[in-house]
Amino acid sequence: MLGIHLSEAVIRQNANTKCLQRGEICYRDGSVLSVTQREEEIQAEVQGSAEQPYRVTIIPSEGRKITALCNCPYVYDGWCKHIVATTLTCIRSPEIIEQRPSLPQLLERLDHSQTQRLVQELVTEHPE
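Everything in this summary refers to the structure shown in the same document.

Conventions adopted
- Residues numbered from 1 in each chain as written.
- Predicted model: local features only at pLDDT ≥ 70, side-chain atom pairs only at ≥ 80, totals over all residues.
- Heavy atoms only, no water.
- Helix = DSSP H or I, 4+ residues; strand = E, 2+ residues; numbered from the N terminus.
- Expected span 1.5 Å × (residues − 1).
- Buried < 20%, exposed > 50% of the residue type's maximum accessible area, 1.4 Å probe, protein only.
- Contact = heavy atoms within 4.5 Å.
- Pairing = 2+ DSSP bridges.

## Overview of helix 3 (residues 81–92)
- Compared with the 16 Å implied by 1.5 Å per residue over 12 residues, the 16 Å span of helix 3 between its first and last C-alpha is a close match.
- All of the buried residues in helix 3 are His 82, Ile 83, Val 84, Ala 85, Thr 86, Thr 87, Leu 88, Thr 89 and Cys 90.
- Structurally, helix 3 contributes buried residues whose contacts are with helix 1 (8–14), helix 2 (17–28), strand 1 (32–38), strand 2 (41–46), strand 3 (54–60) and strand 4 (66–70).

Below, the structure written as structure tokens:
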């Protein structure tokens, strides 16, 4: 269940015409590979021109505003096509959104030694 107020009107307010059209094509072509939701945050993987899929994150902001981020190189006017494709997927195909437990819910299942191992693995993988 989406906790974020998404609609096609919201998409039109946040993306220019070219990104709307290209995002629609990405949506129809099945470029949105996965969509997951933890609490109110939505994350997606969208196949683009790069070898690795782009990561999209959508979170509610103040009031009914939405913050949407993508790690693609687009830095121009509003939302990129990957964000548009993700939001269209959320609106038109909400049944494919995988609901996941929140991070606190996941961590409360771990005992002390499991938590230590997890932190050590994360630091090894991402030392920065």
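## Regarding unusual backbone geometry
- You will see that Glu 39, though not glycine, has its phi angle at about 55°, which is positive.
- As for its placement among the helices and strands, Glu 39 is situated in the loop between strand 1 and strand 2.
- Under the relative-accessibility criterion, Glu 39 is labelled exposed at 60%.

## Concerning the pairing of strand 2
- Burial along strand 2 is one-sided: Ile 42, Ala 44 and Val 46 are buried, while Glu 41, Gln 43 and Glu 45, pointing the other way, are not.
- Two strands pair when backbone bridges link them, and strand 1 and strand 2 are joined in this way by six bridges, in the antiparallel orientation. When the bridges of strand 2 are listed, Val 35 appears paired with Ala 44.
- Two successive antiparallel strands, strand 1 and strand 2, enclose a turn made up of two residues, where Glu 39 displays a positive phi of approximately 55°.
- Both strand 2 and strand 3 contribute to a ladder of five bridges, which runs antiparallel. By the bridge assignment, Glu 45 is partnered in strand 3 with Arg 55.

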